[in-house]
Amino acid sequence: MEVLNCPLLSVNVRVWRFWSFVLVHNWRRYISIIPVTALNVFMFADLYRAWGNIEEVIINAYFAVLYFNAVLRTLILVYNRDKYESFLAGAASVYEEIRAINDDVITKLVSTYTKRARFLSISNLALGAFISGCFVVYPLFTGQRGLPYGMFIPGVNNFDSPQYEIFYITQLVLTFPGCCMYIPYTSFFASSTLFGLVQIKTLQHQLKTFRSSEMLNESTVVLNRKLQKLIEDHKRIIRYVKDLNDLVTYICLIEFLSFGLMLCALLFLLNIISVMAQIVIVGAYIFMILTQIFAFYWHSNEVREESMAIAQASYSGPWLNVDDTIKKKLLMMTIRAQRPLEITVGNVYPMTLEMFQSLLNASYSYFTLLRRVYN
């Protein structure tokens, strides 16, 4: 199966393909990456210009970091496009193999997780487009000239005509490719981990039922053949999670550091502003950071927990009256399954809900320290 026809992965891959980040190579790649990168440089230059105005710096830093992550994700994706394409092609092939299994439980499992992955991908794109639209139209309702994102070009006054109109329209146009550079990667991560769960839960079900009640007299040779296939599936799942971790681990590290700092800064800003409209906006920024980080850690934690549940599934199978060679293989599989499959932050820390809680605790601790020093 081609990855573009794989319903679980195709939503995000089609967006990447449209911008020629993967599968094809054309002019769309350059008209998205180069202008958005230039805009991001001017956004960081504006932080230097506004240094000293803490409210302006924190708000502009939020957008600068957001666009920096979008550019970084895309550059890594394009640089490692062969690895991503190989990973996606392999996932599509396995998806077709699992979907072809004649088992009602597995069929329902594949259908459920496919719908969930597609819903996440489509809703993330829709929500991202809506929020991006709010970003770019908000300055029109402030009663004064303002740009959606702070930017500074030496020697140019952003608020004189016609520069203001040109810059505003430019930022308006670049918001769309910027959204497409950022959102699909998050959805790719979620969809890939969901497909990892499909593979793991399929293996769990097959381990529990590899010896059916209608065929208790199956020969040792037949059972050995079935079990060997399940062992190969377990090895494939281990490789899958490792390959996914290799693709995303350093992106997760950058997100961990940047969004941890931004969460601390926004909490501090929320503490010093008094205008209700600003409080609502900053609260929305904090909510978006939390949901973004939580999506990564929740799905990674699910993969970790379910991978260890393979051991329980192996033990729960019909192994009591089988040959000792099969029991030994099941025992070895159980021992291996007790080592969790993990997606890590920079190949250092596993992405678990406990790690997510630690990130929140650290951000809040730095916020309280910053507030005390400021006061």
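Residues numbered from 1 in each chain as written. Predicted model: local features only at pLDDT ≥ 70, side-chain atom pairs only at ≥ 80, totals over all residues. Heavy atoms only, no water.

An unreviewed UniProt entry annotates the protein as Odorant receptor originating from Anopheles arabiensis. Recorded in UniProt under Subcellular location (unreviewed entry), the annotation for the protein is "Cell membrane". (UniProt positions renumbered as here; feature names shortened; annotations may be inferred.)

Looking at this structure, how should I read the pattern of salt bridges?
When their charged atoms lie close together, side chains carrying opposite charge are able to pair. The full count for this structure, using the stated rule, is 15 salt bridges. Glu306 is the salt-bridge partner of Lys201, the closest N and O atoms lying 3.4 Å from each other. Here Glu306 lies in helix H8 (residues 276-315) and Lys201 lies in helix H6 (residues 163-209), a separation of 105 residues in the sequence. Relative accessible area serves as the criterion here: at 24%, Lys201 is assigned to the partly exposed category. (Salt bridge = Lys/Arg side-chain N within 4 Å of Asp/Glu carboxyl O. Helix = DSSP H or I, 4+ residues; strand = E, 2+ residues; numbered from the N terminus. Buried < 20%, exposed > 50% of the residue type's maximum accessible area, 1.4 Å probe, protein only.)

Explain helix H2 (residues 28-49) here, please?
Owing to its 3.6 residues per turn, the α-helix brings residues three or four apart onto one side. With 22 residues, H2 extends 32 Å between its outermost C-alpha atoms, agreeing within 8% with the 32 Å of an ideal straight helix rising 1.5 Å per residue. For H2, the full list of buried residues reads Arg29, Ser32, Ile33, Val36, Leu39, Asn40, Met43, Asp46 and Leu47. Each buried residue of H2 lies within a common arc of 145 degrees when the element is viewed along its axis, so the set occupies one face. In H2, those exposed residues whose orientation departs by more than 90 degrees from the buried face are Ile34, Val41 and Tyr48. Where H2 is buried, its residues meet helix H3 (54-79), helix H4 (81-99) and H6. (Expected span 1.5 Å × (residues − 1). Arc of directions from axis to C-beta. Contact = heavy atoms within 4.5 Å.)

Please clarify how the environment of Leu253 should be interpreted in this entry.
With respect to the secondary-structure elements, Leu253 resides in helix H7 (residues 220-272). Its relative accessible area of 28% is what places Leu253 among the partly exposed residues. Residues Leu253 and Tyr349, spaced 96 residues apart in sequence, show a C-alpha to C-alpha distance of 9.4 Å. Those residues within four positions of Leu253 in sequence are excluded, and the remaining contacts are Val345 and Gly346.

Is there a simple way to explain the side chain of Thr175 in this structure?
Relative to the helices and strands, Thr175 is located in helix H6. Of the residues examined, Thr175 reaches a relative accessible area of 5% and is grouped as buried. Among the polar contacts listed, one links the side chain of Thr175 to the backbone oxygen of Gln171, at a separation of 2.7 Å. (Polar contact = N/O pair within 3.5 Å; in protein donor to acceptor, adjacent residues only side chain to side chain.)

Mind showing me how you'd approach the environment of Tyr48 here?
Topologically, Tyr48 is positioned in helix H2. For Tyr48, a relative accessible area of 71% translates into the label exposed. Note: C-alpha distance between Tyr48 and Leu230 (182 residues apart in sequence) is 57 Å.

How should the nonpolar core be read in this particular structure?
What tends to happen in soluble globular proteins is that the nonpolar side chains get buried as a cluster. Counting 116 residues, the largest nonpolar core has Tyr62, Phe188, Phe195, Leu207, Val248 and Leu266 as the members making the most contacts within it. For this core, the leading source of residues is H7, giving 20 residues. Among all residues touching Tyr62, those that are not within four sequence positions of it are Met262, Leu266, Tyr285, Met288 and Ile289. (Core = buried A, V, L, I, M, F, W, Y, C linked by side-chain atoms within 4.5 Å.)

Please explain the packing of aromatic side chains as it appears in this structure.
Aromatic ring pairs are reported here in terms of the distance separating the ring centres and the angle at which the planes meet. Overall, the coordinates contain 27 aromatic pairs when judged by the stated rule. A cation sits over an aromatic face here: Arg28 above Phe18, 4.5 Å from the ring centre. Against the face of Tyr182 rests Arg73, its NZ or CZ located 4.0 Å from the ring centre. (Phe/Tyr/Trp six-rings, centres within 6.5 Å; stacked < 30°, edge-to-face > 60°. Lys NZ or Arg CZ within 6 Å of the ring centre and 35° of its normal.)

Looking at this model, I keep getting lost on the side chain of Thr334. Mind explaining?
Position of Thr334 among the secondary structure elements: in helix H9 (residues 324-337). Excluding anything up to four places from it in sequence, Thr334 contacts Ala311 and Ser314.

What's the story with unusual backbone geometry in this structure? I'm lost.
Excluding glycine, a negative phi dihedral is what most residues carry, and trans is how most peptide bonds are arranged. Ser161 connects to Pro162 through a cis peptide bond whose omega is 5 degrees. Its place among the elements puts Pro162 in the loop between helix H5 (104-137) and H6. Backbone geometry at Ser20 places phi at a positive 60 degrees, although glycine is not the residue there. Note that Ser20 resides in the loop between helix H1 (10-18) and H2. Unusually for a residue other than glycine, Asn347 sits at a positive phi of about 60 degrees. By secondary structure assignment, the location of Asn347 is in the loop between strand S1 (344-345) and strand S2 (349-350).

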